[in-house]
Amino acid sequence: MRSDIEIAQGAKMKPIMEVAESLGLAADDIELYGKYKGKVSLQTWERLKDKPSGKLVLVTAITPTPAGEGKTTNTVGLGMARNRLGKKAIIALREPSLGPSFGIKGGAAGGGYAQVVPMEDINLHFTGDIHAVTAAHNLLAAMVDNSLHQGNPLGIDPRQVVLRRVMDLNERALRNIVIGLGGKADGIPRESGFDISVASEVMAILCLATDLMDFKRRAAQMVVAYRYDGTPVTAGDLKAAGSMTLLMKDAIKPNLVQTL
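Predicted model, so just to flag it, every value in this text is computed and none were measured.

S.K.: Just checking my understanding: could you explain the overall build of the protein for this structure?
M.R.: Each helix and strand counted, the protein has ten helices and 13 strands in total. The C-alpha extent of the protein, read off along each of the three principal axes, is 65 × 45 × 35 Å. In the protein, buried positions account for 37% of the 260 residues. Here the analysis covers contacts within the protein between residues at least 6 apart in sequence; of these, 63% occur between residues at least 24 apart. Accessible surface for the protein amounts to roughly 15,200 Å². Of this, 57% is attributable to carbon and sulfur atoms. Side-chain charges in the protein split into 31 positive and 27 negative, and the spacing between the mean points of these groups amounts to 4 Å.

Here it is in structure tokens:
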């Protein structure tokens, strides 16, 4: 039995434009990221939104192995089986995070002959979406500490800053840290820490947002801290939502790849 990576690397992939055309997408609907990856333009939805809706099959309640395997494999297998039966089926998956990919669990692009390809790209940086989430989140975190440093005009209680930093790796040594050390020019010392990027509220907003303006509206409502009087401080109060949205201008577009 060949390993997952041997199966993936031995597959003959179709150019992604060929895959797009089989779904009824035009050249103007796809932004190419090389030969085998693409992003679907947000304008595509405007063109297609009045067409009859298809059926949505949600794959959930899968009992995975202790390492977490099984969910994607089942989903990919079902999608391929539906297509084999003559149905026009598309599967929607979340992107793998680098933390689990380099940890015990490994990649998250399926397994065996139920895989998504190019597997190596998908499991690594792909089209940079998670990096964009990381940057947008940490920009907001930096603006919180900058506001504290610049005289604290919003009256933030440094003991009640609830927004931590994020990174797309499992880094236990940074889970709980003290920041702002080094002197007056380096900020206000306080406790903070790092979570994994995919746990960021920015990621949740990205999943829910219908367009960039909807993303901006939702991002502005993120609570980042509390004032001394207990009232919340939001990303909108910091005037951070616009900058965060700009960083998400490409990440908000769905990615298009192919199964084996």
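S.K.: Would you take a moment to explain the environment of Val224 for this structure?
M.R.: Within the secondary structure layout, Val224 lies in strand β10 (residues 223-227). Judged by relative accessible area, Val224 falls into the buried class, the value being 0%. Residues contacting Val224, with those up to four places away along its chain left out, are Leu140, Val144, Val161, Val162, Leu163, Val233, Thr234, Ala235 and Leu238.

S.K.: Help me out: how do you make sense of unusual backbone geometry in this one?
M.R.: Residue Pro118 follows Val117 across a cis peptide bond; omega there is 5°. You can see Pro118 is positioned in the loop between β4 (114-117) and α6 (119-123). Although it is not a glycine, Lys239 sits at a positive phi angle of roughly 60°.

S.K.: Looking at this structure, I do not really get the pattern of salt bridges. What am I missing?
M.R.: Pairing is possible between side chains that carry opposite charge, provided their charged atoms lie close to one another. Scanning all chains against the criterion turns up 14 salt bridges. Note that Arg47 is salt-bridged to Asp29, the shortest N-O span being 2.3 Å. Taken together, the residues span a long stretch of sequence, with Arg47 in helix α3 (residues 43-48) and Asp29 in the loop between α2 (16-22) and β1 (30-32) at a distance of 18 residues. On the basis of relative accessibility, which here comes to 6%, the residue Asp29 falls in the buried class. With a closest N to O distance of 3.1 Å, Asp195 and Arg164 form a salt bridge. In this pair, Asp195 is assigned in strand β9 (residues 194-196) and Arg164 in the loop between β5 (156-161) and β6 (165-167), connecting sequence segments 31 residues apart. Residue Asp195 is classed as partly exposed on the basis of its relative accessible area, which comes to 34%. Classification of Arg164 by relative accessible area gives partly exposed; the value is 23%.

S.K.: Help me understand helix α9 (residues 212-220), please; the structure alone is not making it clear to me.
M.R.: Side chains of residues three or four places apart in an α-helix project in the same direction, reflecting 3.6 residues per turn. Residues Asp214, Phe215 and Ala219 constitute the buried set of α9. Here the buried residues of α9 occupy an arc of 135° about the axis, which is enough to place them on one side. Summarising the contacts, the buried residues of α9 are in contact with α8 (201-208) and α10 (241-247). For α9, the N-terminal capping position is held by Asp211, with its side-chain oxygen 3.2 Å away from the main-chain nitrogen of Met213.

S.K.: Got a minute to help me understand the packing of helix α7 (residues 129-149) against α8 in this structure?
M.R.: The description of two helices packed together rests on the angle between their axes and the distance between the axes. Following both chains from N to C, one finds α7 and α8 inclined at 125°, their axes separated by 9 Å at the closest point. Our classification of the angle between α7 and α8 gives oblique. As for the relative orientation of α7 and α8, their crossing is right-handed in sense. Note on element contacts: α8 touches α7 through Val202, Met203 and Leu206, opposite Ile130, Val133, Ala136 and His137. Taken together, the residues that form the contact of α7 with α8 break down as six nonpolar, one polar and no charged.

Calculation rules
Residues numbered from 1 in each chain as written. Predicted model: local features only at pLDDT ≥ 70, side-chain atom pairs only at ≥ 80, totals over all residues. Heavy atoms only, no water. Helix = DSSP H or I, 4+ residues; strand = E, 2+ residues; numbered from the N terminus. Buried < 20%, exposed > 50% of the residue type's maximum accessible area, 1.4 Å probe, protein only. Contact = heavy atoms within 4.5 Å. Areas by Shrake-Rupley, 256 points an atom, 1.4 Å probe, with all protein chains shown as cover. Lys, Arg positive; Asp, Glu negative; His and termini not counted. Charge placed at Lys NZ, Arg CZ, Asp CG, Glu CD. Salt bridge = Lys/Arg side-chain N within 4 Å of Asp/Glu carboxyl O. Arc of directions from axis to C-beta. Polar contact = N/O pair within 3.5 Å; in protein donor to acceptor, adjacent residues only side chain to side chain. Axes fitted to C-alpha atoms, helices over the stretch in contact; angles between N-to-C directions. Parallel < 35°, antiparallel > 145°, perpendicular 65-115°, else oblique. Left-handed = near helix turned anticlockwise from the far one by under 90°. Nonpolar A, V, L, I, M, F, W, Y, C, P; charged D, E, K, R; others polar.

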